Amino acid sequence: MTGSLNASVGQWLFASGRASGSYIAAQGTKLGRKGRIHVSQDETGKVWVAGATRMLFAGRTTG
């Protein structure tokens, strides 16, 4: 899963009562990576996704 999908899944898990507080999710396993992200919900109901990042490519547009 991606971070953005994990945020949506987190919203569903918290809203449905299947998760509370925070949890850790695996990310990138199919690509041979051992990524772990932390998903939490604050007191206002906002869902936050946090974890280490790594730049794989960079680019620039001209216009």
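Here the structure is shown first, and the text comes after it.
Residue indices begin from 1 for each chain and proceed along its sequence in written order. Residue-level local features of this predicted model are given only where pLDDT is at least 70; pairs of side-chain atoms are given and counted only at 80 or more, and the full residue set underlies all totals for whole chains, interfaces and linings. Heavy atoms from the whole structure form the basis of all side-chain values; hydrogens and water molecules are not counted.

Some points on the environment of Ile37
Working step 1: Labels follow the DSSP assignment, with helices taken as runs of H or I lasting at least four residues and strands as runs of E lasting at least two, numbered in each case from the N terminus. Its location among the elements puts Ile37 in strand S2 (residues 35-41).
Working step 2: Separated by 34 residues in the primary sequence, Ile37 and Gly3 place their C-alpha atoms 7.9 Å from one another.

Description of the side chain of Asn6
Working step 1: Take Asn6: it is sitting in helix H1 (residues 3-15).
Working step 2: Looking at Asn6, its side chain comes within polar contact range of the side chain of Gln27, at 3.1 Å. Pairs of N or O atoms within 3.5 Å make up the polar contacts considered here, provided that, within protein, one atom can donate a hydrogen while the other can accept it, and that residues adjacent in sequence are counted only when both atoms are side-chain atoms.

Here we look at the pairing of S2
Looking down a regular strand, the side chains alternate between one sheet face and the other.
Working step 1: Two elements, strand S1 (residues 22-27) and S2, share six bridges in a ladder whose sense is antiparallel. Opposite Ala26, over in S2, you have Arg36 as the bridge partner.
Working step 2: Strand pairing follows a simple DSSP-based rule, namely that at least 2 bridges must link the two strands. Summarising the sheet, S2 and strand S3 (residues 47-50) pair through four bridges and their orientation is antiparallel. Directly across from His38, in S3, lies its bridge partner Ala50.
Working step 3: Counting the residues that bridge the hairpin from S2 to S3 gives five residues, and of these Gly45 lies at a positive phi of roughly 100°.

Let's talk about the sheet that holds S1
Working step 1: The strand order across the open sheet formed by three strands is S1-S2-S3, and the pairing between neighbours is antiparallel. The open sheet is flanked by S1 and S3, the only strands paired with a single partner. Ignoring which end each strand starts from, the neighbouring axes of this sheet average 25° apart.
Working step 2: A contact between two residues is defined here by any heavy atoms of the two lying within 4.5 Å. Lines fitted to C-alpha atoms define the axes here, with helix axes fitted over just the stretch in contact, and angles between the N-to-C directions of these axes take values from 0 to 180 degrees. Most of the contacts of H1 go to S1, to which it runs at about 145°, and overall it touches S1, S2 and S3.

Without other data, these values stay purely geometric and don't point to any function.
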